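# Structural description and commentary
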Amino acid sequence: MQKRNKLEIIKDLLKIIQDNKNSIKITPLIRKSNLSSQRFSEYFDELTKKGFIKKQIIKDKGFIALTEKGIKYLEKYNSIINFINEFEL
Amino acid sequence: MDLNTQNFILMGISSEIIYSFVIMMSCLIIYFGTKELYNLSSYKGIKYFRQSFLFFGLAYFFRSFIKIILLFSNQVEVLKLESVLFGIIAPFIFMYFSSIAVLYLVYSFVWRDWKSKLNNIYFAHFAALIISIVSVITDEFLIYLITNLIIIFLGITLIFYIKKKDRVKKNTQLYIIYFLLFGFWILEIIDLFVPYAFQPLQTIFHLFCIGIFFTIMYKVLTRVGTI
(Lines give C-alpha, C1' and ligand atoms only; values in the text may rest on other atoms or scores of the structure.)
Protein backbone atom coordinates (compact mmCIF):
# COMPACT_ATOMS: atom_id res chain seq x y z
CA MET A 1 0.00 0.00 0.00
CA GLN A 2 1.33 3.40 -1.00
CA LYS A 3 2.19 5.69 1.90
CA ARG A 4 -0.36 8.45 2.35
CA ASN A 5 0.80 12.04 2.66
CA LYS A 6 -0.45 14.34 5.38
CA LEU A 7 -3.12 16.05 3.28
CA GLU A 8 -4.49 12.68 2.19
CA ILE A 9 -4.63 11.36 5.76
CA ILE A 10 -6.56 14.45 6.85
CA LYS A 11 -8.94 13.98 3.94
CA ASP A 12 -9.44 10.30 4.81
CA LEU A 13 -10.17 11.12 8.46
CA LEU A 14 -12.68 13.80 7.55
CA LYS A 15 -14.27 11.53 4.94
CA ILE A 16 -14.79 8.82 7.55
CA ILE A 17 -16.67 11.30 9.74
CA GLN A 18 -18.68 12.58 6.78
CA ASP A 19 -19.58 9.06 5.62
CA ASN A 20 -20.81 8.28 9.13
CA LYS A 21 -23.53 10.91 8.80
CA ASN A 22 -21.19 13.51 10.31
CA SER A 23 -21.24 11.95 13.75
CA ILE A 24 -18.88 9.22 14.95
CA LYS A 25 -17.43 8.10 18.23
CA ILE A 26 -13.70 8.24 18.66
CA THR A 27 -13.09 4.48 18.92
CA PRO A 28 -14.59 3.56 15.53
CA LEU A 29 -12.81 6.57 14.05
CA ILE A 30 -9.44 5.28 15.28
CA ARG A 31 -10.27 1.82 13.93
CA LYS A 32 -11.31 3.05 10.49
CA SER A 33 -8.46 5.55 10.20
CA ASN A 34 -5.82 2.85 9.74
CA LEU A 35 -3.40 4.83 11.90
CA SER A 36 -1.45 3.91 15.01
CA SER A 37 -2.91 5.38 18.19
CA GLN A 38 0.01 7.78 18.53
CA ARG A 39 -0.32 9.08 14.97
CA PHE A 40 -4.09 9.25 15.30
CA SER A 41 -3.71 11.31 18.45
CA GLU A 42 -1.38 13.73 16.64
CA TYR A 43 -3.76 14.10 13.69
CA PHE A 44 -6.78 14.40 15.98
CA ASP A 45 -5.13 17.25 17.89
CA GLU A 46 -4.21 18.94 14.63
CA LEU A 47 -7.71 18.63 13.20
CA THR A 48 -9.14 20.08 16.41
CA LYS A 49 -6.60 22.89 16.46
CA LYS A 50 -7.29 23.76 12.80
CA GLY A 51 -11.02 23.79 13.46
CA PHE A 52 -11.91 20.95 11.08
CA ILE A 53 -13.71 18.87 13.70
CA LYS A 54 -15.69 19.46 16.85
CA LYS A 55 -16.87 17.39 19.76
CA GLN A 56 -20.57 16.95 20.33
CA ILE A 57 -22.33 15.50 23.36
CA ILE A 58 -25.44 13.53 22.38
CA LYS A 59 -27.29 11.64 25.10
CA ASP A 60 -24.26 11.93 27.42
CA LYS A 61 -22.01 10.36 24.78
CA GLY A 62 -19.16 12.09 22.96
CA PHE A 63 -19.22 12.23 19.17
CA ILE A 64 -16.92 13.80 16.62
CA ALA A 65 -18.43 15.92 13.85
CA LEU A 66 -17.12 18.04 11.00
CA THR A 67 -17.17 21.82 11.20
CA GLU A 68 -17.90 24.01 8.19
CA LYS A 69 -14.18 24.36 7.68
CA GLY A 70 -13.81 20.58 7.67
CA ILE A 71 -16.53 20.25 5.05
CA LYS A 72 -14.81 22.98 3.02
CA TYR A 73 -11.54 21.06 3.17
CA LEU A 74 -13.21 18.01 1.66
CA GLU A 75 -14.80 20.13 -1.07
CA LYS A 76 -11.51 21.83 -1.90
CA TYR A 77 -9.25 18.81 -1.49
CA ASN A 78 -9.02 18.03 -5.20
CA SER A 79 -8.28 21.69 -5.98
CA ILE A 80 -5.50 21.69 -3.38
CA ILE A 81 -3.90 18.53 -4.79
CA ASN A 82 -4.27 19.69 -8.41
CA PHE A 83 -2.69 23.03 -7.52
CA ILE A 84 0.25 21.38 -5.76
CA ASN A 85 0.79 19.02 -8.71
CA GLU A 86 0.39 21.76 -11.33
CA PHE A 87 3.07 23.95 -9.76
CA GLU A 88 5.14 21.01 -8.42
CA LEU A 89 5.16 22.49 -4.93
CA MET B 1 11.48 72.40 -19.60
CA ASP B 2 9.88 72.48 -23.05
CA LEU B 3 6.52 70.96 -23.89
CA ASN B 4 7.93 67.99 -25.78
CA THR B 5 10.10 66.99 -22.85
CA GLN B 6 7.19 67.41 -20.46
CA ASN B 7 4.96 65.26 -22.68
CA PHE B 8 7.70 62.65 -22.96
CA ILE B 9 8.08 62.50 -19.20
CA LEU B 10 4.30 62.29 -18.69
CA MET B 11 4.02 59.48 -21.24
CA GLY B 12 6.87 57.65 -19.56
CA ILE B 13 5.29 58.02 -16.14
CA SER B 14 1.85 56.95 -17.44
CA SER B 15 3.15 53.83 -19.16
CA GLU B 16 5.25 52.97 -16.12
CA ILE B 17 2.25 53.32 -13.81
CA ILE B 18 0.03 51.19 -16.05
CA TYR B 19 2.68 48.51 -16.51
CA SER B 20 3.54 48.26 -12.82
CA PHE B 21 -0.11 48.38 -11.80
CA VAL B 22 -0.96 45.45 -14.08
CA ILE B 23 1.93 43.35 -12.77
CA MET B 24 1.23 44.26 -9.14
CA MET B 25 -2.44 43.35 -9.55
CA SER B 26 -1.50 39.99 -11.12
CA CYS B 27 0.79 39.25 -8.19
CA LEU B 28 -1.84 40.24 -5.64
CA ILE B 29 -4.48 38.15 -7.41
CA ILE B 30 -2.13 35.16 -7.22
CA TYR B 31 -1.45 35.86 -3.54
CA PHE B 32 -5.06 36.33 -2.47
CA GLY B 33 -6.40 33.75 -4.91
CA THR B 34 -4.41 31.04 -3.13
CA LYS B 35 -5.34 32.23 0.35
CA GLU B 36 -8.20 29.78 0.84
CA LEU B 37 -6.16 26.81 -0.35
CA TYR B 38 -3.38 27.70 2.06
CA ASN B 39 -5.74 28.37 4.98
CA LEU B 40 -7.29 24.93 4.51
CA SER B 41 -4.15 22.91 3.83
CA SER B 42 -1.38 24.85 5.66
CA TYR B 43 0.81 23.32 2.95
CA LYS B 44 4.27 24.93 3.01
CA GLY B 45 4.78 24.73 -0.76
CA ILE B 46 1.67 26.84 -1.30
CA LYS B 47 2.86 29.27 1.39
CA TYR B 48 6.25 29.82 -0.25
CA PHE B 49 4.67 30.05 -3.73
CA ARG B 50 2.14 32.71 -2.81
CA GLN B 51 4.58 34.69 -0.69
CA SER B 52 6.99 34.71 -3.63
CA PHE B 53 4.39 36.55 -5.71
CA LEU B 54 3.59 38.91 -2.84
CA PHE B 55 7.29 39.84 -2.81
CA PHE B 56 7.31 40.19 -6.61
CA GLY B 57 4.36 42.58 -6.29
CA LEU B 58 6.13 44.62 -3.62
CA ALA B 59 9.32 44.66 -5.66
CA TYR B 60 7.39 45.97 -8.67
CA PHE B 61 5.81 48.65 -6.49
CA PHE B 62 9.21 49.95 -5.44
CA ARG B 63 10.54 49.53 -8.96
CA SER B 64 7.78 51.74 -10.34
CA PHE B 65 8.35 54.22 -7.51
CA ILE B 66 12.04 54.48 -8.44
CA LYS B 67 11.31 54.69 -12.18
CA ILE B 68 8.82 57.52 -11.69
CA ILE B 69 11.24 59.45 -9.49
CA LEU B 70 13.95 59.03 -12.12
CA LEU B 71 11.63 60.32 -14.85
CA PHE B 72 10.37 63.17 -12.70
CA SER B 73 13.80 64.31 -11.59
CA ASN B 74 15.29 63.78 -15.05
CA GLN B 75 17.98 61.56 -13.57
CA VAL B 76 19.24 58.33 -15.11
CA GLU B 77 21.10 56.41 -12.41
CA VAL B 78 19.23 55.14 -9.38
CA LEU B 79 22.08 54.80 -6.96
CA LYS B 80 23.37 58.27 -7.85
CA LEU B 81 20.20 60.01 -6.62
CA GLU B 82 21.09 62.42 -3.85
CA SER B 83 18.04 61.77 -1.70
CA VAL B 84 18.50 59.09 0.98
CA LEU B 85 14.92 57.90 0.47
CA PHE B 86 15.09 57.53 -3.31
CA GLY B 87 18.78 56.82 -3.76
CA ILE B 88 19.31 54.36 -0.91
CA ILE B 89 16.15 53.19 0.88
CA ALA B 90 13.90 52.59 -2.16
CA PRO B 91 16.58 50.70 -4.17
CA PHE B 92 17.50 48.71 -1.05
CA ILE B 93 13.89 47.66 -0.50
CA PHE B 94 13.48 46.82 -4.20
CA MET B 95 16.63 44.70 -4.18
CA TYR B 96 15.60 42.90 -1.00
CA PHE B 97 12.07 42.09 -2.18
CA SER B 98 13.16 41.02 -5.64
CA SER B 99 15.92 38.72 -4.31
CA ILE B 100 13.61 37.17 -1.74
CA ALA B 101 10.86 36.69 -4.35
CA VAL B 102 13.19 34.60 -6.52
CA LEU B 103 14.48 32.64 -3.51
CA TYR B 104 10.98 31.88 -2.28
CA LEU B 105 9.86 30.70 -5.73
CA VAL B 106 12.86 28.37 -6.01
CA TYR B 107 12.29 27.15 -2.45
CA SER B 108 8.63 26.38 -3.17
CA PHE B 109 9.93 23.78 -5.66
CA VAL B 110 12.62 22.18 -3.53
CA TRP B 111 11.58 22.52 0.14
CA ARG B 112 10.28 18.95 0.38
CA ASP B 113 13.51 17.42 -0.82
CA TRP B 114 15.91 19.84 0.82
CA LYS B 115 15.77 18.67 4.41
CA SER B 116 17.71 20.58 6.98
CA LYS B 117 17.56 20.90 10.75
CA LEU B 118 17.64 24.66 10.33
CA ASN B 119 14.86 26.63 8.74
CA ASN B 120 16.26 27.22 5.26
CA ILE B 121 13.95 30.11 4.51
CA TYR B 122 15.67 32.27 7.15
CA PHE B 123 18.89 31.85 5.20
CA ALA B 124 17.05 33.17 2.16
CA HIS B 125 16.06 36.34 4.03
CA PHE B 126 19.57 36.74 5.38
CA ALA B 127 21.08 36.26 1.91
CA ALA B 128 18.69 38.78 0.34
CA LEU B 129 19.46 41.28 3.10
CA ILE B 130 23.23 40.94 2.69
CA ILE B 131 23.03 41.23 -1.11
CA SER B 132 20.92 44.39 -0.85
CA ILE B 133 23.04 46.03 1.85
CA VAL B 134 26.32 45.33 0.05
CA SER B 135 24.96 46.56 -3.29
CA VAL B 136 23.66 49.82 -1.84
CA ILE B 137 26.71 50.50 0.34
CA THR B 138 29.16 49.86 -2.50
CA ASP B 139 26.95 51.90 -4.84
CA GLU B 140 27.42 49.12 -7.37
CA PHE B 141 24.39 47.54 -8.96
CA LEU B 142 26.59 44.94 -10.71
CA ILE B 143 27.03 43.15 -7.39
CA TYR B 144 23.27 42.91 -7.12
CA LEU B 145 22.88 41.80 -10.74
CA ILE B 146 25.61 39.16 -10.55
CA THR B 147 24.37 37.75 -7.23
CA ASN B 148 20.85 37.49 -8.64
CA LEU B 149 22.22 35.71 -11.70
CA ILE B 150 24.05 33.30 -9.38
CA ILE B 151 20.89 32.76 -7.29
CA ILE B 152 18.81 32.06 -10.39
CA PHE B 153 21.46 29.78 -11.89
CA LEU B 154 21.86 27.83 -8.63
CA GLY B 155 18.11 27.74 -8.19
CA ILE B 156 17.52 26.29 -11.66
CA THR B 157 20.35 23.77 -11.16
CA LEU B 158 18.91 22.72 -7.79
CA ILE B 159 15.41 22.36 -9.23
CA PHE B 160 16.60 20.17 -12.12
CA TYR B 161 18.82 18.08 -9.82
CA ILE B 162 16.08 17.43 -7.28
CA LYS B 163 13.30 16.94 -9.83
CA LYS B 164 15.48 14.55 -11.83
CA LYS B 165 15.08 12.08 -8.96
CA ASP B 166 11.28 12.23 -9.16
CA ARG B 167 9.65 9.69 -11.38
CA VAL B 168 6.56 11.81 -11.87
CA LYS B 169 6.13 13.31 -15.32
CA LYS B 170 7.46 16.84 -15.31
CA ASN B 171 5.41 19.87 -16.21
CA THR B 172 7.67 21.18 -18.99
CA GLN B 173 5.39 24.12 -19.70
CA LEU B 174 5.78 25.31 -16.09
CA TYR B 175 9.57 25.14 -16.31
CA ILE B 176 9.52 27.20 -19.51
CA ILE B 177 7.31 29.84 -17.85
CA TYR B 178 9.57 30.06 -14.82
CA PHE B 179 12.68 30.15 -17.00
CA LEU B 180 11.18 33.08 -18.90
CA LEU B 181 10.13 34.73 -15.63
CA PHE B 182 13.66 34.55 -14.25
CA GLY B 183 15.13 35.70 -17.55
CA PHE B 184 12.86 38.72 -17.79
CA TRP B 185 13.43 39.46 -14.12
CA ILE B 186 17.14 39.86 -14.82
CA LEU B 187 16.25 42.15 -17.73
CA GLU B 188 14.01 44.17 -15.37
CA ILE B 189 16.94 44.68 -13.03
CA ILE B 190 19.15 45.81 -15.90
CA ASP B 191 16.36 48.09 -17.15
CA LEU B 192 16.13 49.76 -13.73
CA PHE B 193 19.82 50.28 -13.11
CA VAL B 194 21.21 50.77 -16.61
CA PRO B 195 19.89 53.97 -18.17
CA TYR B 196 17.98 53.52 -21.44
CA ALA B 197 19.01 49.85 -21.63
CA PHE B 198 15.89 48.75 -23.47
CA GLN B 199 14.45 52.06 -24.49
CA PRO B 200 13.59 51.18 -28.12
CA LEU B 201 12.03 47.85 -27.10
CA GLN B 202 10.44 48.99 -23.85
CA THR B 203 6.83 48.33 -24.87
CA ILE B 204 7.55 44.86 -26.30
CA PHE B 205 9.54 44.02 -23.18
CA HIS B 206 6.68 45.16 -20.94
CA LEU B 207 4.15 43.15 -22.93
CA PHE B 208 6.26 40.00 -22.60
CA CYS B 209 6.52 40.47 -18.82
CA ILE B 210 2.78 41.05 -18.53
CA GLY B 211 2.21 37.92 -20.62
CA ILE B 212 4.33 35.81 -18.28
CA PHE B 213 2.59 37.03 -15.13
CA PHE B 214 -0.84 36.69 -16.76
CA THR B 215 -0.04 33.11 -17.74
CA ILE B 216 0.89 32.20 -14.17
CA MET B 217 -2.15 34.06 -12.83
CA TYR B 218 -4.43 32.23 -15.27
CA LYS B 219 -2.98 28.85 -14.25
CA VAL B 220 -3.46 29.72 -10.58
CA LEU B 221 -7.05 30.86 -11.01
CA THR B 222 -7.88 27.77 -13.08
CA ARG B 223 -6.51 25.43 -10.43
CA VAL B 224 -8.11 27.14 -7.44
CA GLY B 225 -11.43 26.95 -9.24
CA THR B 226 -12.08 30.66 -9.70
CA ILE B 227 -12.15 30.28 -13.50
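A quick note: this is a predicted structure, and the numbers were derived from the prediction, not measured.

What counts and what doesn't
Residues numbered from 1 in each chain as written. Chains lettered and ligands numbered in written order. Predicted model: local features only at pLDDT ≥ 70, side-chain atom pairs only at ≥ 80, totals over all residues. Heavy atoms only, no water. Helix = DSSP H or I, 4+ residues; strand = E, 2+ residues; numbered from the N terminus. Buried < 20%, exposed > 50% of the residue type's maximum accessible area, 1.4 Å probe, protein only. Contact = heavy atoms within 4.5 Å. Buried area = accessible area lost by both parts, 1.4 Å probe. Salt bridge = Lys/Arg side-chain N within 4 Å of Asp/Glu carboxyl O. Polar contact = N/O pair within 3.5 Å; in protein donor to acceptor, adjacent residues only side chain to side chain. pLDDT = per-residue confidence, 0-100. 1 Å grid on protein atoms, 1.4 Å probe; cavity = no way out; pocket = protein on both sides within 12 Å on 5 of 7 lines; lining within 4 Å. Points joined across faces, edges and corners; volume = space filled by probe spheres on them. Nonpolar A, V, L, I, M, F, W, Y, C, P; charged D, E, K, R; others polar. Patch = residues over 30% accessible without salt bridge, like charges linked within 9 Å, V, L, I, M, F, W, Y side chains within 5 Å. Areas by Shrake-Rupley, 256 points an atom, 1.4 Å probe, with all protein chains shown as cover. Core = buried A, V, L, I, M, F, W, Y, C linked by side-chain atoms within 4.5 Å. Phe/Tyr/Trp six-rings, centres within 6.5 Å; stacked < 30°, edge-to-face > 60°.

Residues and elements named next belong to chain B. Mapped onto the elements of the fold, Ser20 is located in helix H1 (residues 3-33). In this structure Ser20 comes out as buried when scored by relative accessible area, which is 1%. Leaving out residues up to four positions away in the same chain, Ser20 has contacts with Tyr60, Arg63 and Ser64.

You'll often see interface size given as the accessible area lost when the parts meet. Every contact between the two is made by 16 residues of chain A and, on the other side, 26 residues of chain B. Interface area for chain A against chain B, summed over the two sides, is near 2,000 Å², with a carbon-plus-sulfur share of 63%. For the chain A face of the interface with chain B, the top three residues by lost area are Phe87(A), Glu88(A) and Leu89(A), together amounting to 38%. Summed over the shared surface of chain A and chain B, the result is four salt bridges. Here Glu36(B) and Lys76(A) are joined by a salt bridge, their closest N and O atoms 3.6 Å apart. In this assembly, chain A and chain B are joined by five residue pairs in polar contact (both at pLDDT 80 or more). The leading source of residues in the side of chain A that touches chain B is helix H4 (residues 68-86) of chain A, at ten residues.

As a further point, take the confidence of the model for chain B. Counting all residues, the mean pLDDT for chain B is 84, and 91% of those residues have values of 70 or more. Per-element averaging of pLDDT across chain B places helix H6 (residues 141-165) of chain B at the bottom with 82 and helix H2 (residues 35-41) of chain B at the top with 96.

Residue and element names in this part refer to chain B. Reported here for the second largest pocket is a volume of approximately 570 Å³. Around the second largest pocket, the lining comprises 22 residues; the ones closest to its centre are Phe8, Gly12, Leu71, Gln199 and Gln202. Those elements that place two or more of their residues in the lining of the second largest pocket are H1, helix H3 (44-73), helix H7 (172-193) and helix H8 (202-224). For the lining of the second largest pocket, the leading source of residues is H1, giving seven residues. Residue composition of the lining of the second largest pocket, grouped by class: ten nonpolar, nine polar and three charged.

Right, let's talk about a nonpolar patch on the surface for a bit. All names here are of chain B. The grouping of Phe21, Met25, Leu28, Ile29 and Phe32 at the surface amounts to a nonpolar patch, some 440 Å² of accessible area in total. One can find Phe32 in helix H1. On the basis of relative accessible area, Phe32 is assigned to the exposed category, the value being 51%.

With that settled, consider the nonpolar core. Counting residues in each nonpolar core, the largest one holds 96 residues, and the members touching the most others are Phe49(B), Phe56(B), Phe94(B), Tyr178(B) and Ile216(B). No other element matches helix H4 (residues 84-110) of chain B, which puts 15 residues into this core. Not counting residues within four places of it along the chain, the set of residues in contact with Ile216(B) comprises Phe87(A), Ile30(B), Phe49(B), Phe53(B), Ile177(B), Tyr178(B) and Leu181(B).

The description of an aromatic ring pair uses the distance of the two centres, along with the angle that the planes make with each other. One pass over the structure, following the stated rule, counts 32 aromatic pairs over all chains. For the ring pair Tyr43(B) and Trp111(B), a centre distance of 5.4 Å and an interplane angle of 80 degrees mean the geometry is edge-to-face. Of this pair, Tyr43(B) sits in the loop between H2 and H3 while Trp111(B) is found in the loop between H4 and helix H5 (120-137), placing the two residues 68 residues apart along the sequence. The residues Tyr43(B) and Trp111(B) share a single accessibility class, namely buried. Taking the centre distance of 6.3 Å and the plane angle of 90 degrees together, the rings of Phe53(B) and Phe213(B) count as edge-to-face. Here Phe213(B) lies in helix H8 and Phe53(B) lies in helix H3, a separation of 160 residues in the sequence. For the pair Phe53(B) and Phe213(B), one class covers both residues: buried. In this structure an aromatic cluster arises from ring pairing among Phe83(A), Phe87(A), Tyr19(B), Phe49(B), Phe53(B), Phe56(B), Tyr60(B), Phe94(B), Tyr144(B), Trp185(B), Phe193(B) and Phe213(B).

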